[in-house]
Every structure is written in structure tokens, then in C-alpha cells.
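# Structural overview for review
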Amino acid sequence: MRVAVPREMAAGERRVALVPETVSKLSGSGFEIRVEHAAGEAAGFLDADYAEAGAELAAPSALLADAGAVVRVAKPGADEVSSLAPDTVLIGFLEPLTDADGIARLREQGVVAFAMESIPRITRAQSMDALSSQATVAGYKAVLLAADRVPKLFPMLMTAAGTIAPVRALVIGAGVAGLQAIATARRLGAVVSAFDVRPAVKEQVESLGAAFLELGVRTEETEGGYARELSPDEQAQQQAALEERIPDFDVVITTAAVPGRPAPKLIPASAVARMRPGSVIVDIAAETGGNCELTVPGEVVEHAGVGIVGTTNLPSLMAFHASQLYSRNVAALLQHLAPDGELTLDWEDEITAGACVTRPEATA
Ligand code: NAD
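Heads up: these notes are all about the structure in this document. Bear in mind that the values here come from a model prediction, so they are computed numbers and not experimental data.

## Describing unusual backbone geometry
Phi at Ala38 takes a positive value of approximately 65°, unusual for a residue other than glycine. Examined against the element boundaries, Ala38 turns out to sit in the loop between β2 (32–36) and α2 (47–52). The partly exposed category is assigned to Ala38, whose relative accessible area is 21%. Positive phi is not limited to glycine here, since Glu95 has a value of about 55°.

## Here we look at the nonpolar core
By size, the foremost hydrophobic cluster in this structure holds 56 residues, and its most contacted members are Val252, Ile253 and Ile267. Not counting residues within four places of it along the chain, the set of residues in contact with Ile267 comprises Ile172, Leu242, Ile246, Val252, Thr254, Val272, Ile281, Asn291, Cys292 and Glu293. With 43 residues, the next largest nonpolar core counts Val16, Val23, Phe114 and Trp347 among its residues.

## Points about the packing of helix α6 (residues 130–149) against helix α7 (residues 176–187)
Where α6 meets α7, the closest approach of the two axes is 7 Å, and the angle between their N-to-C directions is 40°. The element α6 and its partner α7 pack so that their crossing is right-handed. Here Ser132, Ala135, Thr136, Gly139, Tyr140 and Val143 of α6 lie close against α7, whose contacting residues are Val176, Ala177, Gln180, Ala181, Thr184 and Ala185. Looking at side-chain class alone, the contact of α6 with α7 contains seven nonpolar, five polar and no charged residues.

## With respect to the sheet that holds strand β5 (residues 89–93)
The sheet built from seven strands is open, its strands ordered β3-β2-β1-β4-β5-β6-β16 with mixed pairing. Looking at the sheet topology across the chains shown, the edges are occupied by β3 (56–58) and β16 (356–358). For this sheet the average axis-to-axis angle between neighbouring strands, irrespective of direction, equals 25°. With four bridges connecting them, strand β4 (residues 69–74) and β5 associate as parallel partners. Residue pairing for β5: Ala74 is matched across the bridge by Phe93. Those strands touched by helix α5 (residues 100–109) are β5, β6 (112–115) and β16, and its axis lies near 75° from that of β16.

## A word on α5
For α5, the complete set of buried residues consists of Gly102, Ile103 and Leu106. When α5 is viewed along its axis, its buried side chains cluster within an angular range of 95° and face the same direction. Away from its buried face, by an angle of more than 90 degrees, α5 presents the exposed residues Ala100, Asp101 and Glu108. Those residues of α5 that are buried lie in contact with α4 (78–82), β5, β6 and β16. Two residues or fewer after α5 comes Gly110, characterised by a positive phi angle close to 80°.

## Overview of the layout of surface pockets
The computed volume of the second largest pocket comes to approximately 150 Å³. Pro6, Arg7, Met9, Glu36, Pro60, Leu63, Leu64, Arg72 and Glu80 together form the lining of the second largest pocket.

## Details of empty space enclosed by the protein
According to the stated counting rule, one finds two cavities of 30 Å³ or more in the structure shown. In this structure, the largest cavity encloses a volume near 50 Å³. Taken together, Phe195, Asp196, Val197, Pro199, Lys202, Phe212, Glu214, Leu215, Gly216, Val217 and Arg218 make up the lining of the largest cavity. A class-by-class count of the residues in the lining of the largest cavity yields six nonpolar, one polar and four charged. For the second largest cavity, the calculated volume is near 30 Å³. Lining the second largest cavity we find Ile119, Pro120, Arg121, Ile122, Ala125, Gln126 and Asp129. Within the lining of the second largest cavity, the residues separate by chemical class into four nonpolar, one polar and two charged.

Analysis parameters
- Residues numbered from 1 in each chain as written.
- Predicted model: local features only at pLDDT ≥ 70, side-chain atom pairs only at ≥ 80, totals over all residues.
- Heavy atoms only, no water.
- Helix = DSSP H or I, 4+ residues; strand = E, 2+ residues; numbered from the N terminus.
- Buried < 20%, exposed > 50% of the residue type's maximum accessible area, 1.4 Å probe, protein only.
- Core = buried A, V, L, I, M, F, W, Y, C linked by side-chain atoms within 4.5 Å.
- Contact = heavy atoms within 4.5 Å.
- Axes fitted to C-alpha atoms, helices over the stretch in contact; angles between N-to-C directions.
- Left-handed = near helix turned anticlockwise from the far one by under 90°.
- Nonpolar A, V, L, I, M, F, W, Y, C, P; charged D, E, K, R; others polar.
- Pairing = 2+ DSSP bridges.
- Arc of directions from axis to C-beta.
- 1 Å grid on protein atoms, 1.4 Å probe; cavity = no way out; pocket = protein on both sides within 12 Å on 5 of 7 lines; lining within 4 Å.
- Points joined across faces, edges and corners; volume = space filled by probe spheres on them.

By themselves, these are just geometric observations and shouldn't be taken as functional.
Shown next as C-alpha cells:
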């Protein structure tokens, strides 16, 4: 099977879908990899590295010829979709829950599309779980952005000039990104508290050395381990409880999300007004609207001295390792769909059927 790797075109996207390490593994197991010139450059992978790993380098015009599969990070633009041959396998973050038009375009084109977001979160599919790999990177980077901005040292320091108290950090949403944010903030020396509406994560939070903040709001987990969306009453209760507690913290990292829904608004403007000047909120949920009422997605804003970082696509800011992890996720999915490079789509299989978001009738 020939696999094409285009250069990502989305604004600010520095990642690449396959890195040389994975190209070399796939080339050794029945795949022919064709990579667009400079596809890996922004992530730190050179054309020469790809060539050495066994890839063929191609101009955009020659990239898709005879491609059985196209692997990318972000969803393709309309132009690229119209140049995909029917029955081409497409793999990427295709936004199946929020981009109905994009998915309809793929369906009309007859593409067999697999969304990384739709891979079932079952043990067998862990190596393909790109939501987790990229959330890990985002959680780490969010803490670094906070540390860069807050006018305090993270660790407690005992110096000749006396002792400095550590930063107090709050992580809201203790899923994959949140747990990595807790671990990173702890490593930098902060005293960390965390909150999630899923009570099951209390133990995980505590095992990382953080305190679980009781806000009196809980939900049961849905299938797959996700949170249920709060009712308006519960949300108001959470906002009020947070407003009470938030002035205690110098750094707040928010990661709360409910799949396919806008990010829940957890921090109202009135809570930001109670924070001390110099405090920082890094809103990882900015992509889907933000957890803080004052977040401006894609921007860093300040309200009465409180910085609110709404920078989107944090994994792209750590493009080398984010790409390396993503590439392994993509390779694992490719090998699942095409063992030894031969496409064998088993629609009875939970991973294949679960991740597929469009397919022509004939393959159904
Ligand atoms: P996510 O990005 O959808 O959400 C992030 C966190 O926000 C979740 O922990 C969620 O509970 C929390 N949240 C939602 N609403 C909130 C609110 N109002 N206030 C505070 N927190 C709120 O989730 P995720 O990080 O992608 O994963 C969530 C869970 O999925 C994991 O912790 C795990 O249990 C499960 N999971 C399972 C596997 C697997 O292979 N079995 C892999 C990855 C994740």
C-alpha cells in the first residue's frame, strides 16, 4: 500500500503525520511511503532524514498518484478532498463531531475516512490513541506557558535572602492533559490542587502528589470514561464554588471538556476579578471556546493584571515530540487496517468500524 504524507497547510500547524522513525518501520512491513517535500521541516525532520528512512520525496502535484492512503494531522481542505480518488483511505483529526460539512465532502468523494478522534478508547487501541498522546503534550506545554508568564518561581526556595513560598497551582479537569499538567507543575515545584467532576480521578490526582479540591459537584462517567455534561444548575454551583476558591491560586490550568460539546464555562469573569494581579490562567479548552468566560481563543489577554492564555493547538508548539507520538499512533492504525501493507477492512472489528467516519457503500 502506498501512503502519502502531505505537508500540513493549516495556519500554525507545525506537526507532521509520519516522522522518519515510523517511515522506516512501515517501509519494512509492506508500506511504500511518499512524503511531500518539506512536510516535516517545521517539526524538525528534514527531507534527507525521510529519504534515509526509505521514503520517496514528492512535489505536491505528484504526491497523491496511486496513493492507497493519505495520512495527515489536521483535516484536509476542500481542494485536497476533491483530488482524492474514491476508496482512498484518509487518516487524521477530521473533527467528525463538529465539522459536518467537511465529513459530507469526504462522503461525497467516496473516501474511506478514519478520524483519530473516533478511535474507541479500549485497551487494544491504546497505541492508536492520538487524543491521549496530544493531550499529554498539551498538558505539559500549558504549565510551561504559565511558568513563563507568572512573576513567581514555581518551587519553594530557601536562600540567604530568606524563603520563597512555592507557586500554588490549580488544575481543573484531570483527564489526560490535566494529569500531565499536575505532574509537570509538581516537577517544577508547585503545590498543586486539582478538580474533576468524575470522582474516579481523585485517587489518580492524589497519586501524583496533588490535593483533590472538593467543589461539591460530581457526575458519573459515560461509557469510554468521559464526563457527562453538567446541568445548568450544577454548572452554576460549580462556578460559585470555584469563585470562592480561585483567589488562593497563582496559576490555573483548565482542561475541562465534554466530547462534541463546547467547553463548559467554569470560570466566570467575576472569579477572574477575584484573582491576584500576576496570576495566570492557561485555558487548554480554548480550542472549543474555553473554560473561562474571558478566554479569547488564539490570544493572550489580560484583565486587571490576570493573564488569560487562550493559545490554541499547544501540541503544535512542541511539534517534534508531538509528531513523534502522533506518528506512532497513525502507524499503529495503518498496521491495524492493512496488516503487512494489504488493506483488509473488517467492519466487524470495533476499532475499524468505530474510527471510520465515511465509507463508500461498496465497502460497507
Ligand atoms: P476530555 O478531554 O474529554 O476531558 C478532560 C477532563 O475534563 C475529563 O477528565 C473530564 O472529566 C473533565 N471535565 C468535564 N467537565 C468538567 C467540569 N465541568 N468540571 C471539571 N472537569 C470537567 O477527557 P480525556 O482527557 O480525553 O479523557 C477522559 C478519560 O477517558 C480519561 O481520564 C480516562 O478515564 C478515559 N480514557 C481511557 C483510555 C483507554 O484507553 N481506556 C484512554 C484515554 C482516556
